[in-house]
Amino acid sequence: MIVLKLGGSVITDKERPETLDGGSLEQATDAVANALADEKLVVVHGGGSFGHHNASEHGVSTTEGTHDAAALLEIHGAMKTLNQFVLSRLLERDVEAVPVHPFSTAHRDADGTLELPTGQLETMLEEGFVPVLHGDVIAHAGAGATIVSGDELVAELARRLEADRIGLCSTVPGVLDADDAVIDRIRAYEDVASVLGASDATDVTGGMAAKVRALLALEAEASIFGLEGLASFLDGENPGTTIE
Ligand SMILES: Nc1ncnc2c1ncn2[C@@H]1O[C@H](COP(=O)(O)OP(=O)(O)OP(=O)(O)O)[C@@H](O)[C@H]1O
Ligand SMILES: C=C(C)CCOP(=O)(O)O
């Protein structure tokens, strides 16, 4: 079982609000369609230029919530629009992709812990579907609703579904060191903390630093790679950076 995140920074143009990077989305969905045989796959996508701008305007992040339903619908609506684009590109390539919207299924406890039921996902996988989740807003006890990033969803899905392979496809070829060379393996946060930053673009969920933290907390290994590494990851290789 594979859990794959398509980073929002890859499939959208992060500089321009609500704009797809059509070519990259096609390349990514081609790679997914070519790789699917008997392998079970869950896809998660991030926001990129969908969702982050709306969340930032309303002051909503993974920890700062809102009780303003109109603001939530705006953020959720932007993510659903992007989800629809991803689904339709997958369907065009005969991938039996179906949507799963975290706002309707997940929540956070008062301490911020993500609760994500997976019975529906397990059934979808058994029935041959490819569930496609996305970063979203979710109800958060005591805070109204906050953002859940695609990276958090990947980590939680990997734990609960006991994924064999976990991959984050982002806009960079891996985690880069101070000389912009790809770091092969990361074993501890402290080893790379000095080079890890937020995203270059508007991003309310913490960029590369948050990714590495979330993946280090997993028992299984995970890979961070760029679009050029996606086909080889789906083929069983370890492109980019491996997080132990
Ligand atoms: N050491 C680093 N190595 C690589 N990228 C880094 C590093 N430090 C900060 N970054 C930033 O992290 C970005 C990747 O994180 P970002 O959250 O934008 O990716 P994504 O998951 O693809 O997109 P989204 O969050 O919209 O889904 C890179 O584009 C870069 O700007
Ligand atoms: C901003 C929203 C709603 C989603 C964020 O998901 P991410 O791009 O994976 O961080």
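Residues numbered from 1 in each chain as written. Chains lettered and ligands numbered in written order. Predicted model: local features only at pLDDT ≥ 70, side-chain atom pairs only at ≥ 80, totals over all residues. Heavy atoms only, no water.

For this particular structure, what's the right way to read the pairing of strand 9 (residues 165-170)?
The side chains of a regular strand alternate, first on one face of the sheet and then on the other. Taking burial as the measure, the six residues of strand 9 include six buried ones, the bulk of the element. Of the two faces of strand 9, the one lined by Arg165, Gly167 and Cys169 and the one lined by Ile166, Leu168 and Ser170 are each fully buried. In this sheet, strand 9 lies alongside strand 1 (residues 2-6) in parallel orientation, the contact comprising five bridges. Directly across from Lys5, in strand 9, lies its bridge partner Leu168. Across four bridges, the pairing between strand 9 and strand 11 (residues 222-226) is parallel. The residue bridging Cys169 from the neighbouring strand is Phe225, located in strand 11. (Buried < 20%, exposed > 50% of the residue type's maximum accessible area, 1.4 Å probe, protein only. Helix = DSSP H or I, 4+ residues; strand = E, 2+ residues; numbered from the N terminus. Pairing = 2+ DSSP bridges.)

It is not clear to me how the UniProt feature "binding site: ATP" (unreviewed entry) in the protein should be interpreted in this structure. Could you clarify?
The UniProt entry lists Lys5, Leu6, Gly7, Gly8, Ser9, Gly48, Gly207 and Lys211 under the feature "binding site: ATP" (unreviewed entry), expressed in the numbering used here. The annotated residues contributing to the lining of the largest pocket are Lys5, Gly7, Gly8, Ser9, Gly48, Gly207 and Lys211. Excluding residues within four positions of it along the chain, Ser9 makes contact with Lys14, Gly48, Ser170 and Thr171. Relative to the helices and strands, Gly207 resides in helix 9 (residues 207-216). In this structure, Gly207 is in contact with Gly197, Ala198 and Ser199, ignoring residues within four places of it in sequence. (UniProt positions renumbered as here; feature names shortened; annotations may be inferred. 1 Å grid on protein atoms, 1.4 Å probe; cavity = no way out; pocket = protein on both sides within 12 Å on 5 of 7 lines; lining within 4 Å. Contact = heavy atoms within 4.5 Å.)

Help me understand the site of ligand 1, please; the structure alone is not making it clear to me.
Close contacts around ligand 1 come from 25 residues, with Gly8, Ser9, Val195, Ser199 and Lys211 the closest. A distance of 2.9 Å is found between an oxygen atom of ligand 1 and a side-chain nitrogen or oxygen belonging to Lys14. Between ligand 1 and Lys211 there is a distance of 2.5 Å, counted from an oxygen atom to a side-chain nitrogen or oxygen. For ligand 1, whose accessible area on its own is 630 Å², the fraction buried by protein is 93%. Broken down by secondary-structure element, the contributors of at least two residues to the shell around ligand 1 are helix 1 (8-11) and helix 9. Top element by residues in the shell around ligand 1 is helix 9. It accounts for three residues. Its residues assigned to classes, the shell around ligand 1 comprises seven nonpolar, 13 polar and five charged. (Near = heavy atom within 4 Å. Polar contact = N/O pair within 3.5 Å; in protein donor to acceptor, adjacent residues only side chain to side chain. Areas by Shrake-Rupley, 256 points an atom, 1.4 Å probe, with all protein chains shown as cover. Nonpolar A, V, L, I, M, F, W, Y, C, P; charged D, E, K, R; others polar.)

What's the story with helix 4 (residues 69-92) in this structure? I'm lost.
What sets the pattern is the α-helix's 3.6 residues per turn: residues three or four places apart point alike. If you check helix 4, its first and last C-alpha atoms are 34 Å apart, about what 24 residues at 1.5 Å a residue would give, namely 34 Å. Considered for burial, the residues of helix 4 that qualify are Ala71, Leu72, Ile75, His76, Ala78, Met79, Leu82, Asn83, Val86, Leu87, Arg89 and Leu90. Here helix 4 starts with a cap whose side-chain oxygen sits 3.0 Å from the backbone nitrogen of Ala70, and that cap is Asp68. Just past helix 4, the residue Asp94 takes up positive phi, approximately 65°. (Expected span 1.5 Å × (residues − 1).)

Is there a simple way to explain a negative patch on the surface in this structure?
Together, Glu18, Glu57, Asp68 and Glu74 make up a negatively charged patch on the protein surface. Its relative accessible area of 33% is what places Glu74 among the partly exposed residues. (Patch = residues over 30% accessible without salt bridge, like charges linked within 9 Å, V, L, I, M, F, W, Y side chains within 5 Å. Salt bridge = Lys/Arg side-chain N within 4 Å of Asp/Glu carboxyl O. Lys, Arg positive; Asp, Glu negative; His and termini not counted. Charge placed at Lys NZ, Arg CZ, Asp CG, Glu CD.)

Explain the pattern of salt bridges to me, please; I cannot follow it from the model alone.
Enumeration over the complete set of coordinates arrives at 15 salt bridges. Taking the shortest distance from any N to any O, the salt bridge between Glu152 and Arg108 comes out at 2.8 Å. Note that Glu152 is positioned in helix 7 (residues 150-160) and Arg108 in strand 4 (residues 107-108), a separation of 44 residues in sequence. By relative accessible area, which is 22% here, Glu152 ends up partly exposed. The exposure class assigned to Arg108 is buried, which follows from its relative accessible area of 3%. When salt bridges that share partners are traced, they join Glu26, Asp30, Arg89, Glu92 and Arg93 into one network.

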